[in-house]
Each structure stands twice: as C-alpha cells, then as structure tokens.
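Coordinate analysis (summary)
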Amino acid sequence: MAPMSAISFTKMHGLGNDFVIIDARHTPVTVSAQAARAICDRHTGVGCDQLIVIEKARANGAAGFMHIRNSDGSSSAACGNATRCVAALFMAESGRDEAAIETAAGLLRAERRGDLVSTDLGAARTDWRDIPLRQDTDTLHLPIASGPLTDGAACSVGNPHATFFVDDARAIDLSQHGPVLEHDDLFPERANIGVVQVLAPDRIRIRVWERGAGITSACGTGASAAVVSGHRRGVCGRTVTAELDGGELEIIWRESDGHVLMTGPVATSFTGVFDAKDLAP
C-alpha cells in the first residue's frame with residue numbers, strides 16, 4: 001500500500017515529447033521550480049520534457065486547468081502535445097470525444113479523431129508585441145543569427161517561436177545554436193527555436209530546441225509556428241504534414257479565423273507514485 005504522502009502521476013507522450021502529469025484537482029499539489037527539475041531529471045527523477053499539474057478549472061466548461069513547468073523549472077503558457085495528452089485523459093474520464101482545457105494561454109478545445117487527438121491552439125499571433133519581441137521588428141525577417149541560422153521568422157502559438165528555414169534540418173547543430181538564439185536579447189521571455197526544411201508545399205521536416213527543455217523529439221507548437229511562418233513566407237500551404245524526430249503531426253492554419261489545429265497520436269507510458277517530500281522546495 002502506498003504511503004499517505006504518495007502522489008500519483010501518469011507518464012504520457014506525444015511522438016516522444018514526454019510529460020509527467022499530476023492530477024491535483026481534488027488534492028492540491030504545489031510544485032516548486034526545484035521540485036520540477038528533480039522530477040524531470042532523466043537520471044534521478046521520473047524523467048520528462050515537461051511536468052504538468054492539472055488543477056481545478058477556473059473557466060466554465062473546462063475539465064481542468066493545465067499548469068506547465070519545463071525541465072529547467074521555468075513555467076510555460078502552452079504546450080501542444082501536452083494539451084493533447086491531458087485532453088486524452090479528460091476524454092477517457094468523461095467517456096466523451098471532446099474536452100476543453102484551460103491554460104495560461106487561454107481555453108483550448110480538443111477532440112478525438114479515431115486513434116488520434118486534435119487540439120485547437122487558438123489564433124496564431126504575428127505582431128511583435130504579441131510574441132513578444134523586445135522592440136518593433138519585422139516578424140518575418142528577424143535581425144538575429146547564429147552560425148547558419150539567419151533570417152528567421154517569429155510568431156506566437158501560445159508561446160514564442162523563432163523559425164529558421166534551412167536546406168537540411170538534420171545538418172544543423174541545434175545543441176550549439178538553439179541556446180544562443182533562445183536567450184537572444186530580442187526575446188524578453190526567451191523563445192523556442194525551430195529549424196525547418198520544406199520538402200513540399202504540404203510537407204516539412206522540423207527539429208526544435210524548446211526553451212527550458214532543450215532538444216525534444218517533437219514540439220507541437222513548434223510545428224504549428226513553422227507552418228504559420230512558412231505560409232507567411234510563401235513556402236508552404238495552410239495544411240501541412242510536419243515530420244519530427246518522433247513522428248508526424250498534421251497542422252492546419254485555418255484561414256477563416258487564424259486558429260491553428262494540430263492532430264497526432266498520444267500514448268501512456270506508465271503510471272506511478274512518488275513521495276510528497278520530493279516536492280519540497
């Protein structure tokens with residue numbers, strides 16, 4: 001029998017982009033930055049890209065509020081693959097094929113499509129103030145560079161992204177250039193850095209350095225931002241299959257309202273418990 005101080009969690013992933021999810025809707029759980037780093041550590045903790053704490057919903061119609069902590073302990077307002085994983089939990093709980101998740105980036109709606117889960121990430125934002133950038137800047141041509149990564153484009157899909165279009169995404173050393181660009185002075189809240197190879201108007205290859213997490217096998221908001229910036233640049237359409245290290249996502253940038261829809265698989269890796277003292281500051 002688990003001790004009274006035990007906290008249950010579910011380990012899930014979307015294309016290898018993995019999360020430790022704690023359901024704190026009934027018993028509140030406070031997770032410090034230090035505790036998040038310890039849980040996310042792949043050698044001494046459970047191991048994940050982001051820690052997700054589900055709290056009671058604050059908005060009508062939402063099944064819960066999703067709080068996101070990156071593996072470095074910092075907070076994030078949005079995560080596409082985490083939203084799909086949490087939505088899958090909510091849909092399994094309710095027996096319905098749709099769910100609404102409240103986040104710091106707004107209310108996100110998701111639905112089951114066969115074996116896949118689709119989520120509406122809301123409207124993409126391309127104004128420099130909304131991303132945000134530190135100063136008035138052409139968001140289609142950023143004045144920053146690192147090695148071969150130049151002339152990037154920026155947008156926000158609930159979190160800030162800079163996308164760089166390259167001839168071969170696999171040839172870019174993201175571990176070298178990602179952290180440099182993530183912390184560029186142009187980004188007051190740092191940024192996710194994507195490198196994108198356009199394979200066809202309806203297909204791209206993308207790799208992402210996520211702020212606060214590093215290189216991940218998939219980044220849903222990164223793929224979404226790539227399609228938004230790619231379409232604005234005129235190099236891809238509005239409906240695109242994104243090839244990531246962990247698999248494929250379908251991204252649609254809807255013309256009618258500017259919302260971004262992301263569809264892909266989710267999976268549960270395992271469930272477990274850890275002691276509440278591990279969450280102490």
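A word on the overall build of the chain
Broken down by element type, the chain carries four helices and 17 strands. The C-alpha radius of gyration of the chain comes to 18 Å, within 12% of the 19 Å expected for a compact globule of 281 residues. Out of the 281 residues in the chain, the part that is buried amounts to 52%. Contacts spanning at least 24 positions in sequence make up 61% of the contacts within the chain whose residues lie at least 6 apart. Here the chain has roughly 11,900 Å² of accessible surface; of this, 47% comes from carbon and sulfur atoms. One way to put it: in the chain the 26 positive side-chain charges average out to a point 3 Å from where the 35 negative ones average out.

Things to note about the nonpolar core
If you look at the biggest cluster of nonpolar residues, it comprises 26 residues, and the most contacted ones within it are I204, I206, A242, L244, L249, I251 and V260. In terms of residue count, helix α4 (residues 220-233) provides more of this core than any other element does, five residues in total. Setting aside chain neighbours within four positions, we find L249 in contact with L15, N81, R84, G220, A223, V240, T241, A242, L244, M262, T263 and G264. Membership of the second largest hydrophobic core comes to 20 residues, among which are I131, A162, V166 and A169.

Digging into the environment of Q50
By the secondary structure assignment, Q50 is in strand β3 (residues 50-55). Between the alpha carbons of Q50 and F274 there is a distance of 17 Å; along the sequence they are 224 residues apart. Not counting residues within four places of it along the chain, the set of residues in contact with Q50 comprises N17, D18, F19, V20, C40, I68, R69, N70, C79, E210 and A213.

Here's the deal with the pattern of salt bridges
If you walk through the whole model with that rule in mind, you get 20 salt bridges. In this structure, R112 and D97 form a salt bridge, with 4.0 Å as the shortest nitrogen-oxygen distance. Within this pair, whereas R112 is found in strand β7 (residues 106-113), its partner D97 is found in the loop between α2 (80-94) and β6 (98-103), the two being separated by 15 residues in sequence. Here R112 falls in the partly exposed class, since its relative accessible area comes to 31%. Put simply, R203 and E243 hold a salt bridge, and the shortest N to O gap is 2.7 Å. Taken together, the residues R203 in strand β12 (residues 203-210) and E243 in strand β14 (residues 239-244) connect sequence positions 40 residues apart. When salt bridges that share partners are traced, they join K11, D18, R42 and D49 into one network.

Rules and cut-offs
Residues numbered from 1 in each chain as written. Predicted model: local features only at pLDDT ≥ 70, side-chain atom pairs only at ≥ 80, totals over all residues. Heavy atoms only, no water. Helix = DSSP H or I, 4+ residues; strand = E, 2+ residues; numbered from the N terminus. Rg over C-alpha atoms; globule rule 2.2 N^0.38 Å. Buried < 20%, exposed > 50% of the residue type's maximum accessible area, 1.4 Å probe, protein only. Contact = heavy atoms within 4.5 Å. Areas by Shrake-Rupley, 256 points an atom, 1.4 Å probe, with all protein chains shown as cover. Lys, Arg positive; Asp, Glu negative; His and termini not counted. Charge placed at Lys NZ, Arg CZ, Asp CG, Glu CD. Core = buried A, V, L, I, M, F, W, Y, C linked by side-chain atoms within 4.5 Å. Salt bridge = Lys/Arg side-chain N within 4 Å of Asp/Glu carboxyl O.

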